[in-house]
Amino acid sequence: MALFEPALELELVDCEVCLKEIPASEANSEEARDYVVYFCGLECYAKWKAQSDQPDTRREGSAG
């Protein structure tokens, strides 16, 4: 009989904003149309949300 159980591998994901690795079970997520993004906390989510709410001025044809 083994004295130690092997450690379970945790699925890690990267925070979309700060790129910190976090367990998928602890991550906050936002589902987009084609993908899911993960955040280590509400602060990173708010930062991402603020950036995604701004119009992208780099697109072709957006400048007059």
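For the structure, check the block above.
We now turn to the structure provided with this report. Keep in mind that what you see is a predicted model, and the values were worked out from it rather than measured. (Residues numbered from 1 in each chain as written. Predicted model: local features only at pLDDT ≥ 70, side-chain atom pairs only at ≥ 80, totals over all residues. Heavy atoms only, no water.)

**With respect to the overall build of the protein chain**
The secondary structure content of the protein chain amounts to one helix and four strands. What you see in the protein chain, going N to C, is helices and strands ordered as β-β-β-β-α. The proportion of buried residues among the 64 residues of the protein chain is 14%. In the protein chain, once contacts between residues fewer than 6 apart in sequence are set aside, the share between residues at least 24 apart is 19%. (Helix = DSSP H or I, 4+ residues; strand = E, 2+ residues; numbered from the N terminus. Buried < 20%, exposed > 50% of the residue type's maximum accessible area, 1.4 Å probe, protein only. Contact = heavy atoms within 4.5 Å.)

**Some thoughts on the pairing of strand 4 (residues 36-39)**
Because side chains alternate across strand 4, one face comprises the buried residues V37 and F39, and the other comprises V36 and Y38, none of which is buried. Where strand 3 (residues 28-31) lies against strand 4, four bridges are found, and the strand directions are antiparallel. Residue pairing in the sheet places S29 in a bridge with Y38 of strand 4. (Pairing = 2+ DSSP bridges.)

**Here we look at the packing of aromatic side chains**
Applying the stated criterion to the full structure yields three aromatic pairs. Ring centres of F39 and W48 lie 5.1 Å apart, and the angle between their planes is 50°; this geometry places the pair in the tilted category. Taken individually, F39 and W48 each receive the classification buried, so the pair is uniform in this respect. Where Y45 meets W48, the ring centres are 6.1 Å apart and the plane angle is 35°; that geometry is what we call tilted. Linking Y45 with W48, this pair stays in helix 1 (residues 42-53), spanning three residues, or about one helical turn. The exposure class assigned to Y45 is partly exposed, which follows from its relative accessible area of 25%. Here the aromatic residues F39, Y45 and W48 are joined through ring pairs into a cluster of three or more. (Phe/Tyr/Trp six-rings, centres within 6.5 Å; stacked < 30°, edge-to-face > 60°.)

**Regarding the environment of E26**
Position of E26 among the secondary structure elements: in the loop between strand 2 (21-23) and strand 3. With a relative accessible area of 58%, E26 lands in the exposed category. Linking E26 and F39, residues 13 residues apart in sequence, is a C-alpha distance of 9.2 Å.

**Some thoughts on the pattern of salt bridges**
For side chains of opposite charge, pairing can occur when their charged atoms come near one another. Tallied over the full model, the rule gives one salt bridge. K49 is paired through a salt bridge with D53; the nearest N and O atoms lie 3.7 Å apart. Separated by four residues within a single helix, K49 and D53 lie in helix 1, roughly one turn from each other. (Salt bridge = Lys/Arg side-chain N within 4 Å of Asp/Glu carboxyl O.)

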